[in-house]
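Architecture and fold: a report
Residues per chain are reported as follows:
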Amino acid sequence: MNTITKKLKSFEKILEIMDELREKCPWDKVQTNETIRPLTIEETHELSEAILNKNPEEIKKELGDLFLHIIFYSKIASEKKQFDVADVIESLAEKLIYRHPHVFSDTEVADKNEVSKNW
């Protein structure tokens, strides 16, 4: 598996690619949340199929496609000065910490059922 350094470099690379696509690609330039929404739904279905087929290579590919959509929506929002991908990630981090007090604070749980109850 990749190191955190490699993961961060890969993340930086995809952000730079998205910036360039929004600037230089005629198709990418004109996309909006509404125009890519149906494609996001389609990619979600394709990921579901890959999971049901237990196909790790297809799962990886479809996760990449969904990740692209997250980057795309975030880029569109940043252009409108609404939020950017860092805000999305921070929001998720806050949610995960809040939803897991048994990991990030002194709450104790006996099993997964108690975790679900706290959720």
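Basis of the calculations
- Residue positions are given per chain, counting from 1 as you read along its sequence in written order.
- In view of the model being predicted, local features appear only for residues whose pLDDT reaches at least 70, and side-chain atom pairs are presented and counted only at 80 or more, with totals across whole chains, interfaces and linings using the full set of residues.
- Think of the side-chain values as coming from all heavy atoms in the structure, minus any hydrogens and water.
- Think of a patch as exposed residues, more than 30% relative accessible area, with no salt bridge, where like charges cluster within 9 Å and nonpolar side chains (Val, Leu, Ile, Met, Phe, Trp, Tyr) cluster within 5 Å.
- Only the protein chains shown count as covering a residue, and every accessible area follows the Shrake-Rupley method with a 1.4 Å probe.
- In the sections that follow, a salt bridge refers to a side-chain nitrogen of Lys or Arg positioned within 4 Å of a carboxyl oxygen of Asp or Glu.
- Note that His is not counted, nor are the chain ends; the positive residues are Lys and Arg, and the negative ones are Asp and Glu.
- Just so you know, the charge point we use is NZ for Lys, CZ for Arg, CG for Asp and CD for Glu.
- Note on classification: 1.4 Å probe, protein chains only; a residue is buried when its accessible area is under 20% of the maximum for its type, exposed when over 50%, partly exposed between these limits.
- What is meant by a nonpolar core is a set of buried Ala, Val, Leu, Ile, Met, Phe, Trp, Tyr and Cys residues, joined one to another through side-chain atoms within 4.5 Å.
- Two residues form a contact once any of their heavy atoms are found within 4.5 Å.
- Labels follow the DSSP assignment, with helices taken as runs of H or I lasting at least four residues and strands as runs of E lasting at least two, numbered in each case from the N terminus.
- Identification of polar contacts relies on pairs of N or O atoms within 3.5 Å, with a donor-acceptor requirement for protein atoms, meaning one able to donate a hydrogen and the other able to accept it, and with residues adjacent in sequence counted only if both atoms are side-chain atoms.
- Put plainly, a pocket is an open set of points on a 1 Å grid over the protein atoms alone with protein on both sides within 12 Å along at least five of seven lines, a cavity is a set where a 1.4 Å probe fits but cannot get out, and a lining residue has an atom within 4 Å of a point.
- Grid points are joined across faces, edges and corners, and a volume is the space filled by probe spheres set on the points.
- Three residue categories are used. Nonpolar comprises Ala, Val, Leu, Ile, Met, Phe, Trp, Tyr, Cys and Pro, charged comprises Asp, Glu, Lys and Arg, and polar comprises the others, including Gly.

Let us now look at a negative patch on the surface. Taken together, the side chains of Asp 84, Asp 87, Glu 90 and Glu 94 present a region of like negative charge at the surface. On the basis of relative accessibility, which here comes to 49%, the residue Glu 90 falls in the partly exposed class.

One finds Met 18, Ile 36, Ile 71, Phe 72, Ile 76 and Val 85 forming the largest nonpolar core, which totals 6 residues. In this structure, Met 18 is in contact with Leu 68, Ile 71, Phe 72 and Lys 75, ignoring residues within four places of it in sequence.

A few words on the side chain of Ser 74. Locating Ser 74 in the fold gives a position in helix 4 (residues 56-79). A polar contact is formed between the side chain of Ser 74 and the backbone oxygen of Ile 70, at a distance of 2.8 Å.

Once that is clear, we can look at unusual backbone geometry. Look at Lys 54: it is not a glycine, yet its phi comes out positive at around 50°. Position of Lys 54 among the secondary structure elements: in the loop between helix 3 (33-52) and helix 4. Lys 54 sits in the exposed class, given a relative accessible area of 70%. Here the phi dihedral of Lys 81 falls at roughly 60°; this positive angle occurs in a residue that is not glycine. Mapped onto the elements, Lys 81 comes out in the loop between helix 4 and helix 5 (85-99).

Before going further, it helps to spend a moment on the layout of surface pockets. Reported here for the largest pocket is a volume of approximately 330 Å³. Residue lining of the largest pocket: Ser 10, Ile 14, Lys 60, Leu 63, Gly 64 and Phe 67, and that is the complete set. No other element matches helix 4, which puts 4 residues into the lining of the largest pocket. In terms of residue class, the lining of the largest pocket is made up of 3 nonpolar, 2 polar and 1 charged.

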